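Per-entry structural report
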Amino acid sequence: KMMLTIARYYSTSERMTILFCKITNQMITKCKQHMMQHGRLWDQPVEPLLENLHSALRLNEAYQEQYRITKDKLTTQPKVKQFDFNESDIFGK
């Protein structure tokens, strides 16, 4: 929200979408690195692997939830710039 309202460079929908895409891609990269730190997926013990997978899913859910909470809060303030970004671009398919 701060980036959208304060930073001049990120004042457009296109640039904010690109920023969100970069954040999303970085989160995916870090989750992949975390899961692969003990080798290939099929060579890892099942329980720790499942725990890591569930952690990645919880991170994704929390990220999308916070995005939607912020978007909903902004809709109650019509004079403020809104989150009108393409969510399929940000969160993937």
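Given the structure is predicted, the values throughout are model-derived calculations rather than measurements.

1. Section: the overall build of the chain
- Secondary structure assignment for the chain yields four helices and zero strands.
- When the helices and strands of the chain are read in sequence order from the N terminus, they spell out α-α-α-α.
- Over its C-alpha atoms the chain spans a radius of gyration of 17 Å, topping by over 25% the 12 Å that the globule rule assigns to 93 residues.
- In terms of principal-axis extent, the alpha carbons of the chain reach across some 55 × 25 × 20 Å.
- Residue pairs at least 24 apart in sequence account for 52% of intrachain contacts in the chain once pairs closer than 6 positions are excluded.
- Carbon and sulfur atoms form 59% of the exposed surface of the chain, whose accessible area is close to 7,100 Å².

2. Things to note about the pattern of salt bridges
- Tallied over the full model, the rule gives three salt bridges.
- Between Asp43 and Arg40 there is a salt bridge; the shortest N-O distance is 2.9 Å.
- The partly exposed category is assigned to Asp43, whose relative accessible area is 48%.
- A salt bridge links Lys71 to Glu87, with the nearest nitrogen and oxygen atoms 2.9 Å apart. Remark: Glu87 occurs in helix 4 (residues 87-91) and Lys71 occurs in helix 3 (residues 46-75); sequence separation between them is 16 residues.
- By relative accessible area, Lys71 is classed as partly exposed at 25%.
- Several salt bridges share partner residues, and in doing so they unite Arg68, Lys71 and Glu87 into one network.

3. Focus: the packing of aromatic side chains
- All chains considered together, the criterion is met by seven aromatic pairs.
- Seen from their ring centres, Phe20 and Phe85 are 5.7 Å apart, and the 45° between their planes marks the pair as tilted. In this pair, Phe20 is assigned in helix 2 (residues 13-36) and Phe85 in the loop between helix 3 and helix 4, connecting sequence segments 65 residues apart.
- Its relative accessible area of 12% is what places Phe20 among the buried residues.
- What makes Phe85 buried here is its relative accessible area of 6%.
- An aromatic cluster of three or more residues is present, and its members are Phe20, Tyr63, Tyr67, Phe83, Phe85 and Phe91.
- Over the face of the ring belonging to Tyr9 we find Arg15, whose NZ or CZ atom lies 4.0 Å from the ring centre.

Reading guide: rules and limits
Residues numbered from 1 in each chain as written. Predicted model: local features only at pLDDT ≥ 70, side-chain atom pairs only at ≥ 80, totals over all residues. Heavy atoms only, no water. Helix = DSSP H or I, 4+ residues; strand = E, 2+ residues; numbered from the N terminus. Rg over C-alpha atoms; globule rule 2.2 N^0.38 Å. Contact = heavy atoms within 4.5 Å. Areas by Shrake-Rupley, 256 points an atom, 1.4 Å probe, with all protein chains shown as cover. Salt bridge = Lys/Arg side-chain N within 4 Å of Asp/Glu carboxyl O. Buried < 20%, exposed > 50% of the residue type's maximum accessible area, 1.4 Å probe, protein only. Phe/Tyr/Trp six-rings, centres within 6.5 Å; stacked < 30°, edge-to-face > 60°. Lys NZ or Arg CZ within 6 Å of the ring centre and 35° of its normal.

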